[in-house]
Amino acid sequence: MKNREISEIFEKIGDILEFKGDSSFRVNAYRKAARVLQDLTEDIEVIHQEERLRSIPGVGEGIAKKIAEYLATGRMTKYEEVRKGVPDELIRLLGIPGMGPKTVALIYRKLGIKDIENLEKAVKEGRLRDLPGLGAKKEENILRGIKLMREAGKRISLGVALPLVERIVDDLKRRAKVSQVYPAGSLRRMKETVGDIDILATGTDGGRIIEAFTSGPGVRDVLASGETKGSIIAEGGIQVDLRVVPQSSYGSALQYFTGSKAHNIHLREIAKSRGMKISEYGIFRGEQRLGGKREEDIYSTLGLSFIPPELREDRGEIKAAQEGKIPQLVEDGQIKGDLHVHSKWSDGTASIEEIALKAREMGYEYIAICDHSQSLKFAGGVSIEDMAKKLEEIERVNEKIEGIRVLSGTEVDIKTDGTLDYPDELLERLDLVVAAIHTGFKQPEELITKRIVSGLENPNVDIVAHPTGRLISSREGYSVDLGKVFSVAAEMGVALEINAYYDRLDLNDIACRRAKEQGVKLSIGTDAHHIDQLWMMRLGVAVAKRGWLGPEQLLNTWPLERLLAWLKTRGG
DNA sequence: GCCGTTTTCGGCCCGACTGTTTTCAGTCG
């Protein structure tokens, strides 16, 4: 898939044109195309072959031609033209918070500065303050911006951000006079990573609330502090923004600050075309306020059905809401079990009994113990002899503990040659077989895909785990042809996993939606190695929702009997 | 550069904060 490559080129064209002072509308057009391409569930080459490029929103005659040129030749004339005479490092200066295209252009033109090192030097020598529109304060800000960019810049995983924001919200409730405090932004949309944290509060004295916020514990730096808005850098380098609005605007403010930006722009366009206006203070026709107390007001006034936060990415949800076709999404409470958990038998820390008790406490009907297979020595892979003992233990636990069914399973390794790490006779004895790749990540796409396909084709395999192998904090996934994997999975009736472990979240939202479109079943597993990681099911459910999945496509919303019946129709 | 239940041309989301400004431009989300 060349979707991402092309998306990145359009993004860069947008940056360069902005720097050059080109029309902001043209800049936005490129950026919109970049984003839409990034979000596409289909392969751009297929779309091109079928002459459907123009049907992509944001792709018109010009952009379509450029995509076609790139797919045919591997080059884009427009990109090569615009970047002439614009050093790459100059464009990188735009990444410094507080440095926009105007400032970058100014210092380049007047002082010849085109990289961070020289910019820092010039600031320290006080050479910027004499330029028109700049002063000593601005120099100070730029220096801070450089520092920020160097140390931060990284998005953090949702699983890390959630506990952090809960602490901040609790602190605000204790220390400030607020009526309501609620996280908004990408966190509320449950995006897999968040770049900053947005919090919304209601109260009468905005200034005091902001002051309490900016002077709270764990504040490393204050970026802005006004009557309704404050921005801080929290410990760990993540930016947290707080907005305070009156109670009467709570709904519209929550809608506005939840985003995404693209979703909101689209809504505002619709509002405008109907003579209305949306802001964080409500939805208006002229001076008349039509709504805003409740978030639903915004959508209903525009004639849309309510759109859950997880879908607000401008990936077709607005059109779906216009047509009343927003799907029923899976909910946390519908999850009846976890289908991927490790125990002491491999590299987990809990006993099967401890896991079973915790699962029952969480209200599950079943939980599958899926330890690593024999070859994975570094992960305590279970030998064939130990597997027999483990099965006996599971039986004992099932007899002893009421109200929860422990399923015997394995996370069997798909070896580099595509064969499985246990003989079929053993796999047949298990309730559930999860197969996955753990080695040979550097193999070429064709080989990796072939390995996964041979896993899918083994009649004993029920689920293929973490299909792309990516780690959010540290590793891109291996190269795999997901289209091929989806079609074989659909054909063989094998489920693919949404791995809910906070650093994996694999498959991701877009891939989930594509899998659903191709008729693939999915399954959420936490891959927990401790019982205090079982809560991450929530993260997996979030990915599923963002992938437009309902309970029907997810194995682990099924009651035990239905799941067992399905497993029975398969091998094993 | 895109797009059309106001338009094939003339629009293109809206508001807050900051710093350098005597009324606003730049930046951000």
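Residues numbered from 1 in each chain as written. Chains lettered and ligands numbered in written order. Predicted model: local features only at pLDDT ≥ 70, side-chain atom pairs only at ≥ 80, totals over all residues. Heavy atoms only, no water.

Q: What exactly am I supposed to notice about the sheet that holds strand 6 (residues 229-234) here?
A: The strands making up a sheet associate through backbone hydrogen bonding, with each pair oriented either parallel or antiparallel. The strand order 2-4-7-6-5 describes an open sheet built from 5 strands, whose pairing is mixed. Of all the strands in the sheet, just strand 2 (180-183) and strand 5 (219-225) have a single pairing partner and so form its edges. Put simply, the sheet's adjacent strands are angled 20 degrees from each other on average, direction ignored. Bridging between strand 4 (residues 196-202) and strand 7 (residues 239-245) involves 7 bridges; their strand directions are parallel. (Pairing = 2+ DSSP bridges. Helix = DSSP H or I, 4+ residues; strand = E, 2+ residues; numbered from the N terminus. Axes fitted to C-alpha atoms, helices over the stretch in contact; angles between N-to-C directions.)

Q: Even after reading the chapter, I still don't get the protein's contact with DNA strand B, so can you show me in this structure?
A: For DNA strand B, the set of nearby residues contains 48 residues, the closest of which are G98, T103, G135, Y256 and R268. Near the protein, meaning within 4 Å, the atoms of DNA strand B are sugar or phosphate in a fraction of 73%, with bases accounting for the rest. Y30 places a polar side-chain atom, nitrogen or oxygen, 3.1 Å from a phosphate oxygen of DNA strand B. With respect to DNA strand B, the backbone of K138 contributes an N or O atom lying 3.3 Å from a phosphate oxygen. (Near = heavy atom within 4 Å. Polar contact = N/O pair within 3.5 Å; in protein donor to acceptor, adjacent residues only side chain to side chain.)

Q: What is the right way to read the domain arrangement of chain A from this model?
A: One widely used convention gives an interface's size as the accessible area the parts lose upon coming together. Split by domain assignment, chain A resolves into domain 1 (3-82), domain 2 (88-152), domain 3 (156-244), domain 4 (249-322) and domain 5 (332-570). Averaged C-alpha coordinates put domain 2 and domain 5 at centres separated by 50 Å. (Domains from an automatic or database assignment.)

Q: Sorry, what's going on with the sheet that holds strand 16 (residues 495-499) here?
A: Read across the open sheet, the 7 strands follow the order 11-12-13-14-15-16-17; overall the sheet is parallel. In this open sheet, the two strands that pair with only one neighbour each are strand 11 (337-341) and strand 17 (522-525).

Q: What's the story with the packing of aromatic side chains in this structure? I'm lost.
A: Evaluation of the coordinates by the stated rule reveals 7 aromatic pairs. Look at Y299 and F306: their rings are 5.7 Å apart centre to centre, the planes differ by 75 degrees, and that puts the pair in the edge-to-face class. Assessed through its relative accessible area of 1%, Y299 is described here as buried. Classification of F306 by relative accessible area gives partly exposed; the value is 35%. Each ring, one from Y501 and one from Y502, has its centre 5.1 Å from the other, and the planes form 55 degrees; the classification is tilted. Relative accessible area serves as the criterion here: at 22%, Y501 is assigned to the partly exposed category. Among the residues examined, Y502 registers a relative accessible area of 27% and is labelled partly exposed. The ring of F284 carries the charged tip of K277 above its face, separated from the ring centre by 5.5 Å. Cation over ring: R562 sits above W558, and NZ or CZ is 3.9 Å from the ring centre. (Phe/Tyr/Trp six-rings, centres within 6.5 Å; stacked < 30°, edge-to-face > 60°. Buried < 20%, exposed > 50% of the residue type's maximum accessible area, 1.4 Å probe, protein only. Lys NZ or Arg CZ within 6 Å of the ring centre and 35° of its normal.)

Q: I would appreciate a short explanation of helix 7 (residues 101-111) in the present structure.
A: Along an α-helix, residues three or four positions apart point the same way, because every turn accommodates 3.6 residues. Restricting attention to buried positions, one finds in helix 7 the residues P101, T103, V104, A105, L106 and I107. Once helix 7 finishes, G112 follows within two positions and takes phi at roughly 70 degrees, a positive value.

Q: Is there a simple way to explain the side chain of R188 in this structure?
A: Here R188 is to be found in helix 11 (residues 185-188). Setting aside chain neighbours within four positions, we find R188 in contact with Y182, P183, L254, T258, E295, P309 and R312. (Contact = heavy atoms within 4.5 Å.)

Q: Looking at this structure, how should I read the packing of helix 1 (residues 3-19) against helix 4 (residues 61-73)?
A: Packed helices, taken two at a time, are described by the angle their axes make and the gap between the axes. Running from amino to carboxyl end, helix 1 crosses helix 4 at an angle of 130 degrees, the nearest separation of the two axes being 11 Å. With respect to helix 4, the element helix 1 is oriented oblique. Crossing of helix 1 against helix 4: the hand is right-handed. Where helix 1 abuts helix 4, its residues E5, I6, I9 and F10 lie against I63, K66, I67, Y70 and L71. Grouping the amino acids of the contact of helix 1 with helix 4 by side-chain chemistry returns 7 nonpolar, no polar and 2 charged. (Parallel < 35°, antiparallel > 145°, perpendicular 65-115°, else oblique. Left-handed = near helix turned anticlockwise from the far one by under 90°. Nonpolar A, V, L, I, M, F, W, Y, C, P; charged D, E, K, R; others polar.)

Q: What is the right way to read the pattern of salt bridges from this model?
A: Between side chains of opposite charge, pairing is possible as soon as their charged atoms come close. Summed over all chains, the structure comprises 41 salt bridges. E192 is paired through a salt bridge with R470; the nearest N and O atoms lie 2.8 Å apart. Note that E192 is positioned in the loop between helix 11 and strand 3 (193-194) and R470 in the loop between strand 15 (463-464) and helix 21 (482-492), a separation of 278 residues in sequence. No difference in accessibility class separates E192 from R470, as the two residues are buried. The salt bridge partner of R562 is E552, with a shortest N-O separation of 2.8 Å. Separated by 10 residues along the polypeptide, R562 in helix 24 (residues 560-569) and E552 in the loop between helix 23 (537-546) and helix 24 bring together distant segments of the chain. Assessed through its relative accessible area of 36%, R562 is described here as partly exposed. (Salt bridge = Lys/Arg side-chain N within 4 Å of Asp/Glu carboxyl O.)

Q: How should I be thinking about the pairing of strand 7 in this particular structure?
A: Side chains on a regular strand alternate between the two faces of the sheet. The element strand 7 is largely enclosed, with a buried count of 6 among its 7 residues. Where strand 6 folds back onto strand 7 in an antiparallel hairpin, the turn is made up of 4 residues, including G236, whose phi is positive at roughly 100 degrees.

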